[in-house]
Amino acid sequence: MNLTQRLDSLCKASESDYGSIKNEILSGLTIDDAKTIITMSLSAEKQAKLKLLNLIVDVTTLPIQPLLIEAFGKEKDPDAKLMLTVSLGRNGNKKIISSLIELINNDNYLMKHKATLALQLIGSIALQELLIIMFKNLEANYPYAEMIADIIVQIPDKSLNDVEKILQIKNPLVAEILGSIDDPQVVPLLVEFFDKKNHLLSRSVKDALVRLGAKNADLLGDFLSLNNEEFNYWITRALASFGDLGRKILLEKINGASNNLIRNIIEVLDYKGEEVLKDLYFNLLLKGNCKTKEIVIEKVISCKDPTLLIEIKRLISDKLDTNSRFFLLYALSETGTGDEFLKEYFKGGSVERLIATLVKTRNPKKEDFNLLVSLLKEPDPFIKQAALNALAAIARDSFPQLLEATMIDHPEVRKNCLKLIRGLGREAVIILGQLLDRGNHNEKFQAAFVTGHLYLYDLKSNLEKLTNDGNEWVRKFARIALARMGGPDEVLKLLKSSQQENCDTAISLLKEDINHYAQLFLSNWTSLPETIQVKVKSCLADNEKRFPGTLSGLAGKLSGESSKIIASMQKQMELERSFQL
């Protein structure tokens, strides 16, 4: 049976017979036989065509690249082109690279996938051309450059010399390529790539470090001595991914480390009962900064080591400063195992009662609301956050109290209470709408205040109805809310109005938010009535007395006539102070 007959038999063969006939043909294949197969495939029916080309895919020992390239140019069937693509890839033909790269941009997923596979098979022969194409497309067509970079990453046996020309580009794709090069010299290069202002690039550097593998773990550990907080964040996470080896290096680095590096290390380490970590936890609970203590508490809560808890109870009973005692109590309460101890302990004085209430933030009650709100004024950010978390848990049940709290004359309390109401989402809109329509006078003006601050445009018509309410405070706050939602043009319209109520509304907005509205008023100074100018100056002066430095802060944001007005006011107030002295 000659080759043509055997090929005809192959095309008609069942799935079970195909393999044996294919192996028989390939066993003695010559270059002329390969030419016959490729020529026959061009005119064959679809199924026969694919069966014939499937023969060629496995031919890698004969110089058939020119035949494949010629067939690739003549072939119209996309599936057949894919098979020719794979054949060219396996034969490592550089001439086909540009055609394969064109296929990567094809909408046909299968064609894109096969072209990618072929380029990976061609490997290092295609590397330089792929790098050039990626380089050219980094800005012009980033998704395309990303696909090329993915192919480059899969190519084995790359060296730093191969990619030298693109190393000056600080780009996530270049970092990924560096991570796929098996060379320890890559580590210092990746350190240089790190950029704390570019989170995406930093993340790619971390991923590249992980890809370099545990064999470079010691080298990575050496770079932890660099005083680079952001880089330490990523490199500790890379080391943590190396299992016990990375863990050993991190534990060694704790001694003599900076507070920030210690924090990064304990964040990534699981507690396994080591004495070194146990001692470190206690030391940080007593002496660490606020953020570090938070992380340690989370670790103590998660591990629930009985010996840790016993030691915490002993430390609490010692004479500690209030801040350290609070963190220890909080850590103990969060484990859910120290309730009896806490009950006994909280028979003490006022400081202990304050701590006790903070500990209760684990299970806040509605009656704790006022005390929790007062804790929002605490300077310690951890205490504030604990109180805010507790308030969030009871926000729905304490909505009327939340409304009242938004009126408290303390910027942080007002901001956080508004934040809590916003966190209720659509439910807050529904409740506010009901209060604007059917609440008592206090509820109406408080709801109007919140509605304006949260820019709830859905409730604009509810506010408009209240501008004619019989209560002066309700009318005032409804107008303030509408003016706030209307923006600068609406506020200026009120300022220039002949109606006293409208002018008072604009001045009320200024009192609410000096920084925002003072710039607006001063920039439009010459168009304001003199009576309003006097009120604006009075308002700014009162605010400067309460919060010294307000005028200086405004002066830095203004120019021209506006800054002269501020300068004049500062001189006048300085003169008044000198007379008082």
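Cut-offs and rules
- Here the residue index of a chain counts from 1 through its sequence in written order.
- The predicted nature of this model means local features are confined to residues of pLDDT at least 70 and side-chain atom pairs, given and counted, to a pLDDT of 80 or more, with totals for whole chains, interfaces and linings taken over all residues.
- Side-chain measures here rest on the full set of heavy atoms in the structure, leaving out hydrogens and waters.
- Secondary structure counts use DSSP, requiring at least four H or I residues in a row for a helix and at least two E residues in a row for a strand, with both numbered from the N terminus.
- Here the term buried applies to any residue with accessible area under 20% of the maximum for its type, exposed to any over 50%, and partly exposed to those in between, with areas from a 1.4 Å probe on protein chains only.
- The method behind every accessible area is Shrake-Rupley, applied with a 1.4 Å probe, and residues are considered shielded solely by the protein chains displayed.
- Contact definition: two residues touch when any of their heavy atoms are within 4.5 Å.
- To estimate the expected span of a helix, subtract one from its residue number and multiply by 1.5 Å.
- Whenever two N or O atoms come within 3.5 Å, that pair is a polar contact, provided that in protein one can donate a hydrogen and the other can accept it, and provided that, for residues adjacent in sequence, both atoms are side-chain atoms.
- Only Phe, Tyr and Trp rings are paired, with Trp represented by its six-membered ring, and only when their centres lie within 6.5 Å; those with planes under 30 degrees apart are stacked, over 60 edge-to-face, the remainder tilted.
- Criterion for a charge above a ring: Arg CZ or Lys NZ at most 6 Å from the ring centre, at most 35 degrees from the ring normal.
- For our purposes a nonpolar core is just a set of buried Ala, Val, Leu, Ile, Met, Phe, Trp, Tyr and Cys residues, chained together by side-chain atoms within 4.5 Å.
- Directions drawn from the helix axis to the C-beta atoms are what define this arc.
- We count a salt bridge whenever a side-chain nitrogen from Lys or Arg sits within 4 Å of a carboxyl oxygen from Asp or Glu.
- Here the axes come from fitting lines to C-alpha atoms, over the contacting stretch only for helices, and the angles between their N-to-C directions go from 0 to 180 degrees.
- Working rule for angles: under 35 degrees goes down as roughly parallel, over 145 as roughly antiparallel, 65 to 115 as roughly perpendicular, anything else as oblique.
- In this classification, the charged set is Asp, Glu, Lys and Arg, the nonpolar set is Ala, Val, Leu, Ile, Met, Phe, Trp, Tyr, Cys and Pro, and all remaining amino acids, among them Gly, are polar.
- Helix crossings get a hand from a simple test, with the near helix turned counterclockwise from the far one by less than a right angle marking a left-handed crossing and a clockwise turn marking a right-handed one.

The next point concerns the overall build of the chain. Counting secondary structure elements, the chain contains 37 helices and zero strands. For the chain, the residues scored as buried account for 49% of the 581 residues in total. By element, 49% of the accessible surface of the chain is carried by carbon and sulfur atoms, the whole surface being about 29,400 Å².

What follows is about the side chain of asparagine 416. Tracing the backbone through its elements, the reader meets asparagine 416 in helix α27 (residues 411–423). For asparagine 416, a relative accessible area of 8% corresponds to the buried category. Apart from residues lying up to four places away in sequence, asparagine 416 is in contact with Leu376 and Leu388.

Relative to the 21 Å expected for 15 residues at 1.5 Å per residue, helix α31 (residues 472–486) spans 21 Å between its end C-alpha atoms, a close match to the ideal helical length. With 11 of its 15 residues buried, α31 lies for the most part within the structure. Those residues of α31 lying buried are Val474, Arg475, Phe477, Ala478, Arg479, Ile480, Ala481, Leu482, Ala483, Arg484 and Met485. Two or three places before tryptophan 473, at the opening of α31, asparagine 471 has a side-chain oxygen 2.9 Å from that residue's backbone nitrogen. Downstream of α31 by a residue or two, glycine 487 has a phi angle that is positive, lying close to 90°.

Time to look at the packing of aromatic side chains. Tallying each qualifying case throughout the model produces five aromatic pairs. For the pair phenylalanine 445 and tryptophan 473, a centre-to-centre distance of 6.0 Å together with 40° between the ring planes defines the contact as tilted. Taken together, the residues span a long stretch of sequence, with phenylalanine 445 in helix α29 (residues 441–453) and tryptophan 473 in helix α31 at a distance of 28 residues. Note on phenylalanine 449 and phenylalanine 477: the rings are 6.1 Å apart at their centroids and 75° apart in plane angle, and the pair reads as edge-to-face. On the criterion of sequence distance, the pair formed by phenylalanine 449 in helix α29 and phenylalanine 477 in helix α31 is long-range, its members being 28 residues apart. An aromatic cluster of three or more residues is present, and its members are Phe445, Phe449, Trp473 and Phe477. Across the ring face of phenylalanine 477, the terminal group of lysine 476 is positioned such that the distance to the ring centre comes to 5.8 Å.

With that settled, the discussion passes to the nonpolar core. Of all hydrophobic cores here, the largest spans 74 residues; its most connected members are Leu130, Met134, Ile177, Leu190, Leu209, Ile266 and Leu277. Excluding anything up to four places from it in sequence, leucine 190 contacts Ala175, Leu178, Val205, Ala208, Leu209, Leu212 and Phe231.

Time to look at unusual backbone geometry. What you tend to see is this: most non-glycine residues have negative phi, and most peptide bonds are trans. One non-glycine residue with positive phi stands out, namely tyrosine 455, at about 50°. Along the chain, the position of tyrosine 455 falls in the loop between α29 and α30 (460–466).

Glancing now at helix α12 (residues 186–193). Turning to α12, its buried residues number three or more, namely Val186, Val187, Leu190, Val191 and Phe193. Down the axis of α12, the buried set is contained in an arc of 155°. They therefore lie on one face.

In this section: the environment of glutamate 501. Looking at where glutamate 501 falls in the secondary structure, it is placed in helix α33 (residues 500–512). Separated by 22 residues in the primary sequence, glutamate 501 and arginine 479 place their C-alpha atoms 9.1 Å from one another. Excluding residues that lie within four positions of it along the chain, glutamate 501 makes contacts with Arg475 and Arg479.

This part is about the pattern of salt bridges. Going through the model one piece at a time under the given rule, you end up with nine salt bridges. Of the charged contacts, one joins lysine 12 and aspartate 8 as a salt bridge, the two residues approaching to 3.2 Å between their closest N and O atoms. Taken together, the positions of lysine 12 and aspartate 8, both in helix α1 (residues 3–12) and four residues apart, correspond to about one turn of that helix. What makes aspartate 8 partly exposed here is its relative accessible area of 38%. Notably, a salt bridge pairs glutamate 267 with arginine 237, separated by 3.0 Å at the nearest N-O pair. Linking glutamate 267 in helix α17 (residues 259–268) with arginine 237 in helix α15 (residues 229–240), this pair joins segments that are 30 residues apart in sequence.

On to the packing of α27 against α29, then. Relative placement of two packed helices is described by the angle separating their axes and the distance separating the axes. Where α27 contacts α29, the axes come no closer than 11 Å and their chain directions differ by 85°. Classified by the angle between their axes, α27 and α29 sit roughly perpendicular to one another. Note on element contacts: α29 touches α27 through Phe449, Val450 and His453, opposite Arg414, Leu418, Ile421 and Arg422. Class assignment for the residues of the contact of α27 with α29 results in four nonpolar, one polar and two charged.

As a further point, take the packing of helix α2 (residues 15–27) against helix α4 (residues 46–57). Direction vectors running N to C along α2 and α4 enclose 50°, while the axes themselves pass 10 Å from each other. It follows that α2 is oblique to α4 by the angle criterion. You can see that α2 and α4 cross each other, and the crossing is right-handed. Every residue of α4 that contacts α2 at Tyr18, Lys22, Ile25 and Leu26 is listed here: Lys51, Asn54 and Leu55. The class makeup of the residues in the contact of α2 with α4 is four nonpolar, one polar and two charged.

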